Amino acid sequence: MIPLLSHKASHLSGTATIPGDKSISHRALMLGALAIGETTISGLLEGEDVLHTADAMRAMGAQIEKDQSGLWHVHGVGLGGLHQPDAPLQMGNSGTSTRLLMGLVSGHNITASFEGDASLTKRPMNRVTKPLEMMGAAFEASEGGTLPLTVTGAQDVLAIEYELPVASAQVKSAILLAGLNARGKTTVIESKPTRDHTENMLRGFGVDVETKLLDDGRLAVSVIGEQDLKPCTIHVPSDPSSAAFPAVAAAIIAGSQIHMPRIGMNERRTGLFTCLKEMGADISFENEREENGEKIADITVKGGPLKGITIPEARVPSMIDEFPILAMAAACAQGTTHMTGLEELRVKESDRLLMVAEGLKACGVELEMGADSLTIHGNGKPPPGLKERGAKIATALDHRIAMSFLVLGAVTDEPIEIDDGAPIQTSFPTFISLMNDLGLKIESAA
Ligand code: S3P
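Residues numbered from 1 in each chain as written. Predicted model: local features only at pLDDT ≥ 70, side-chain atom pairs only at ≥ 80, totals over all residues. Heavy atoms only, no water.

**Here we look at the overall build of the protein chain**
Here is the rule we go by: Secondary structure counts use DSSP, requiring at least four H or I residues in a row for a helix and at least two E residues in a row for a strand, with both numbered from the N terminus. Our radius of gyration is a C-alpha quantity, and the globule rule it is checked against amounts to 2.2 Å times the number of residues to the power 0.38. Note on contacts: a residue pair qualifies if any of its non-hydrogen atoms lie within 4.5 Å across the two residues.
Across its full length, the protein chain carries 12 helices and 23 strands. Taking 22 Å as the expected radius of gyration for a compact globule of 446 residues, we find that the protein chain reaches 21 Å, a close match to that expectation. In terms of its C-alpha atoms, the protein chain occupies a principal-axis envelope of roughly 60 × 50 × 45 Å. For the protein chain, the proportion of contacts with a sequence separation of at least 24, taken over those separated by at least 6, is 76%.

**Observations concerning the site of the ligand**
Quick note on the threshold: Residues are labelled near a given molecule or strand when at least one of their non-hydrogen atoms is within 4 Å of it. Side-chain atoms alone can form a polar contact between residues adjacent in sequence; in general such a contact is a pair of N or O atoms within 3.5 Å, and within protein one must be able to donate a hydrogen while the other accepts it. The Shrake-Rupley method, run with a 1.4 Å probe, gives the accessible areas here. Residue values count only the displayed protein chains as cover.
Every residue near the ligand is listed here: S23, R27, T96, R99, A167, S168, A169, Q170, R195, I320, D321 and K348. One nitrogen or oxygen atom from the side chain of S168 is found 2.9 Å from an oxygen atom belonging to the ligand. In isolation the ligand exposes 380 Å². Once the protein is present, 96% of that is buried.

**Remarks on the sheet that holds strand 12 (residues 209-213)**
Here is the rule: When DSSP finds at least two bridges between two strands, those strands are taken to pair. Only the stretch in contact is used when a helix axis is fitted, and all axes are lines through C-alpha atoms; the angle between N-to-C directions ranges over 0 to 180 degrees.
Ordered by their spatial adjacency, 4 strands build an open sheet running 10-11-13-12, and the pairing between neighbours is mixed. Looking at the sheet topology across the chains shown, the edges are occupied by strand 10 (161-163) and strand 12. Mean inter-strand twist for the sheet, computed between neighbouring axes without regard to direction, equals 15°. Sheet analysis places strand 11 (residues 185-190) next to strand 13 (residues 219-224), joined by 6 bridges and oriented antiparallel. Following the sheet pairing, V188 is matched in strand 13 by V221. Contacts from helix 6 (residues 197-204) reach strand 12 and strand 13, with the element oriented near 140° to strand 12.

**Considerations on the nonpolar core**
Across soluble globular proteins, nonpolar side chains have a tendency to be buried as a group. Definition in use: Side-chain atoms within 4.5 Å link the members of a nonpolar core, which is a set of buried Ala, Val, Leu, Ile, Met, Phe, Trp, Tyr and Cys residues. Between buried and exposed lies partly exposed: a residue is buried under 20% and exposed over 50% of the maximum accessible area for its type, with that area taken using a 1.4 Å probe on protein chains only.
The biggest cluster of nonpolar side chains holds 79 residues, and the ones touching the most others in it are M260, M339, L360, I376, F405 and F431. Discounting chain neighbours no more than four positions away, the residues touching L360 are A327, M328, A331, V365, L367, I376, F405 and L408. One finds A54, M60, M125 and L176 within the second-largest nonpolar core, a separate group that totals 66 residues.

**Structural notes on the side chain of S119**
Inspection of the secondary structure puts S119 in the loop between strand 7 (111-115) and helix 4 (126-134). When residues no more than four places from it in sequence are discounted, the contact partners of S119 are N93, E349 and L397.

**A short note on the packing of helix 3 (residues 95-106) against helix 5 (residues 169-179)**
Our working definition: Each angle gets one of four labels, with under 35 degrees taken as roughly parallel, over 145 as roughly antiparallel, 65 to 115 as roughly perpendicular, and the rest as oblique. Two helices crossing with the near one rotated counterclockwise from the far one by less than a right angle form a left-handed crossing, whereas a clockwise rotation gives a right-handed crossing. Note on residue categories: nonpolar means Ala, Val, Leu, Ile, Met, Phe, Trp, Tyr, Cys or Pro, charged means Asp, Glu, Lys or Arg, and polar means any other residue, Gly included.
Contact geometry for helix 3 and helix 5: axes closest at 7 Å, N-to-C directions at 25°. The angle between helix 3 and helix 5 places the two elements in the roughly parallel class. The crossing of helix 3 and helix 5 is right-handed. Touching G95, T96, R99, L100, G103, L104 and S106 of helix 3 are Q170, S173, A174, L177 and A178, all from helix 5. Residue composition of the contact of helix 3 with helix 5, grouped by class: 5 nonpolar, 6 polar and 1 charged.

**A short note on helix 5**
Within helix 5, 11 of the 11 residues are buried, leaving the element largely enclosed by the surrounding structure. When we look at burial in helix 5, the residues that qualify are A169, Q170, V171, K172, S173, A174, I175, L176, L177, A178 and G179.

**Some remarks on the sheet that holds strand 17 (residues 294-302)**
Remark on secondary structure: sheet strands pair via backbone hydrogen bonds, oriented parallel or antiparallel. Spatial strand order, 2-15-17-16: 4 strands in an open sheet with mixed pairing. What marks the edges here is a single partner per strand, and that holds for strand 2 (13-15) and strand 16 (282-291). The average undirected angle you get between the axes of adjacent strands in this sheet is 20°. Here 8 bridges tie strand 16 to strand 17, and the two strands are oriented antiparallel to one another. The partner of E290 across the bridge, within strand 17, is K295. Where helix 7 (residues 240-252) meets the sheet, it contacts strand 15 (257-264) and strand 17, and its direction lies at approximately 165° from that of strand 15.

**Focus: the domain arrangement of the protein chain**
Rule in force here: For the domain bounds, the source is a domain assignment made automatically or taken from a database. Accessible area, probed at 1.4 Å, shrinks when two parts are joined; the buried area is that loss added up over both. Salt bridges are defined by distance alone: a side-chain nitrogen of Lys or Arg within 4 Å of a carboxyl oxygen of Asp or Glu.
Each assigned domain of the protein chain is listed with its residue range as follows: domain 1 (4-20 + 237-444) and domain 2 (22-231). Facing 23 residues of domain 1, the contacting portion of domain 2 comprises 29 residues. Carbon and sulfur atoms make up 47% of the area that domain 1 and domain 2 hide from each other, which totals about 2200 Å². Across the contact surface, domain 1 and domain 2 share 5 salt bridges. The salt bridge partner of E190 is R268, with a shortest N-O separation of 3.5 Å. Here domain 1 is connected to domain 2 by 15 residue pairs in polar contact (both at pLDDT 80 or more). For the side of domain 1 that touches domain 2, the class distribution of residues is 7 nonpolar, 7 polar and 9 charged.

Right, here's the structure in full:
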């Protein structure tokens, strides 16, 4: 456990280099490992989650190295060429590694076991095992369908058509990745569009992926199996989900102005920025451009007063990881912020709805939590902070809960202590130094 303390900061200023996008980094390593030849990746996120994916792909035969200039080189094994790993694959805290790799293994005639930490071991895996079983894979899971579990891939992978019961890019991606080895067309239908990095990157590797808007408004994403992946060069954009933390920190502290170049602007990821704008934040996007099928832009955020908003449910998938940090902005805003359709937050790295509600209450914020909703009442001033001596925010192995409350500590009169900052390494290893360079005051509380 690494307890951390965040003290009141005067304002934020400067330019920040946000690390690479986590979702895109996982996919770059996985698809590079399926291509024959060398894929080069710049800007790869070197957080623990992505390093678990790299280790797993190595254990299944890919050669993956980082050179002295920071570029990553992946020599793939070719579609269908993954080796059976000798030992269980260690997934740490990473749901994305686990679910996407379960898809990859399911499409290969190999057996692999998956193990994870105390947080990952609680997360539901049935959502992926169910469609992957339909494709011919077999699973031996722990009680409740959770990790540790063992997957035996299909000998003949069946192409399926599957409607997602939950809006999940991880489930969609697992099916599409298994479908790469199926004979015929695998289709995933989604009623709420989720991040499409898998589709975009497959196209970059030369695979035909079809996205069709159905008459009823649902989206059908299809891949025809047995197409070879051609190696390519990938520039990973900076992660908008990580940029969210400095963005909110700057937005809630008057007099702040920060600049963040090359942030991923995929429309299925930018819900937080839309909300902040509606709340009255001063955010501008410059040099909008596209690289590797992904939109990027340079972002400037200035501090100022915010007001409460109601977030439309349709926006939830495009900011699924950003509710904890949005809640911190809502706690500082004038008026009520209402969020619904948040049932998926209960099964993230922690029960995020609960952890946010309990933490904010301890900091003196008025709120109501429902089964899938959160209503936060702000009075236009920062909340008081942790009044009780020795009180700490519980983070439950959740990096985004940890980072969110450290951001809030920059505005509360009382400093905010979190019980464990170690999980920040999973997604944003440079978080503390980057935030402190911008003007935050985060230090060890040990
Ligand atoms: C991710 C998808 C989201 C998100 C996660 C990363 C991905 O999960 O919460 O951090 O890379 O596909 P779900 O697909 O389960 O919503």
